[in-house]
Amino acid sequence: MMMQRFWFVLFIALLVSYEIGFNSLFIILLFLPLTVTERDMERIRCANRHQWLTNTLILLLIVGMGIISTLIFQANEPLHAWAQKQPFYFDANAFMASIPYNDGSFFWFREPTVHDPLYDVYVIGFIAVYLVYAVYAYITVNRQTLVRLLFVNWFVHGMIALPFYLFFNVHEVWSIMGHNWGHVPYSVKNCFPSLHTSVAFSCLLLALRENRRFATLWSIYSVLIIFTTLYLRIHWVLDVLGGLVLGWALYLVAERLAPFIIARLEAREMLRASRAVTRAIPIHGESKAIQRINR
């Protein structure tokens, strides 16, 4: 059973690496064992087959949502081409540029390049911040976090932000302010709200529920992702503020709805386990047990 779990986790890790890059995934996963506590190990030892199966389905759903959202993101140019033909397409670039310090220039301590280590944090952080977290929650059999990650992954954030992305034209800071440093995104029109910020912030709030070592590691990682959006001249300050509000709102949704989903999953597992026990008891053995009770 343990070998089956190992190969499955390896398979999921490869899927995640397809999204964020194998080297980056390896570096992140290298730190995660340092955050596993004795409480996590006890939970792993006590997990039964039904719990692993349910958690596996949840993890596959999270990974699948990540892949779907990536495909949608790559198709956003055709979506914008359609949105520009609509009468309610709003160009907010002049408004964004007119607000003092809205460009985040107070974080521009040097000229960035595509070889900047913080650029790697920005590129992989979008997906890794919740996909790697999901793999970690799966390995440590932390269903409380695993279910909550269903509500704070990029797919959910993207669906909520899609109307803003389509009908509010907000270009990236570097393209408006004339700081072309080599960044080549899918589109320069994905700005308000900042999904890098919203996903990272909601994951940060979730991480604060974990043990202190994991909370510290993941909080640093999440804050770095948010910082890079301003440092790299990509998002406006208002984009980041909008992302913080969205991330906080979805975290509250996760906190409210997750307990109901977890309770239903546990009820189904208990029913499945009881049926398995019933099928395992031979009929003649059951009748003998009943006779002994009657005596």
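Residues numbered from 1 in each chain as written. Predicted model: local features only at pLDDT ≥ 70, side-chain atom pairs only at ≥ 80, totals over all residues. Heavy atoms only, no water.

Here we take up the overall build of the chain. The number of helices and strands found in the chain is 14 helices and two strands. Of all 295 residues assigned to the chain, the portion counted as buried reaches 49%. Expressed as a percentage of contacts within the chain between residues at least 6 apart in sequence, the contacts between residues at least 24 apart total 86%. Carbon together with sulfur atoms contributes 69% to the accessible area of the chain, which is approximately 15,600 Å² in total. (Helix = DSSP H or I, 4+ residues; strand = E, 2+ residues; numbered from the N terminus. Buried < 20%, exposed > 50% of the residue type's maximum accessible area, 1.4 Å probe, protein only. Contact = heavy atoms within 4.5 Å. Areas by Shrake-Rupley, 256 points an atom, 1.4 Å probe, with all protein chains shown as cover.)

Another aspect to go through is unusual backbone geometry. Most peptide bonds are trans, and most residues other than glycine sit at a negative phi. In this structure, the amide linkage connecting Phe192 to the following residue, Pro193, adopts the cis form with an omega of -10°. Mapped onto the secondary structure, Pro193 falls in the loop between helix H10 (173-177) and helix H11 (195-207). Notably, Tyr101 is not glycine yet its phi reads approximately 65°, a positive angle. You can see Tyr101 is positioned in the loop between helix H6 (93-98) and helix H7 (117-139). By relative accessible area, which is 61% here, Tyr101 ends up exposed.

Overall, the coordinates contain 18 aromatic pairs when judged by the stated rule. Here Phe214 and Trp218 contribute two aromatic rings whose centre-to-centre distance is 5.4 Å and whose plane-to-plane angle is 15°, an arrangement assigned as stacked. Of this pair, Phe214 and Trp218 both sit in helix H12 (residues 212-231), four residues apart, which is roughly one turn of that helix. A residue is classified by how much of its surface remains accessible, and Trp218, at 1% relative accessible area, is buried. Here the aromatic residues Phe106, Phe107, Phe109, Phe227 and Tyr231 are joined through ring pairs into a cluster of three or more. (Phe/Tyr/Trp six-rings, centres within 6.5 Å; stacked < 30°, edge-to-face > 60°.)

On to the nonpolar core. Core analysis: the largest hydrophobic core is formed by 64 residues, its most contacted members being Ile62, Tyr130, Tyr133, Leu149, Cys203 and Trp218. Listing elements by their share of this core, those giving two or more residues are helix H4 (49-74), H7, helix H8 (143-148), helix H9 (154-167), H11, H12 and helix H13 (237-280). Examining the composition of this core, we find that 17 residues originate from one element, H7, more than from any other. With seven residues, the next largest nonpolar core counts Met96, Val170, Val173 and Trp236 among its residues. (Core = buried A, V, L, I, M, F, W, Y, C linked by side-chain atoms within 4.5 Å.)

This part is about the packing of H9 against H11. In the contact formed by H9 and H11, the axes pass within 10 Å of each other and the chain directions differ by 145°. Note that H9 runs across H11; the crossing there is right-handed. Residues Trp154, His157, Gly158, Ala161 and Tyr165 of H9 pack against Leu195, Ser198, Val199 and Ser202 of H11. Split into classes, the residues belonging to the contact of H9 with H11 amount to five nonpolar, four polar and no charged. (Axes fitted to C-alpha atoms, helices over the stretch in contact; angles between N-to-C directions. Left-handed = near helix turned anticlockwise from the far one by under 90°. Nonpolar A, V, L, I, M, F, W, Y, C, P; charged D, E, K, R; others polar.)

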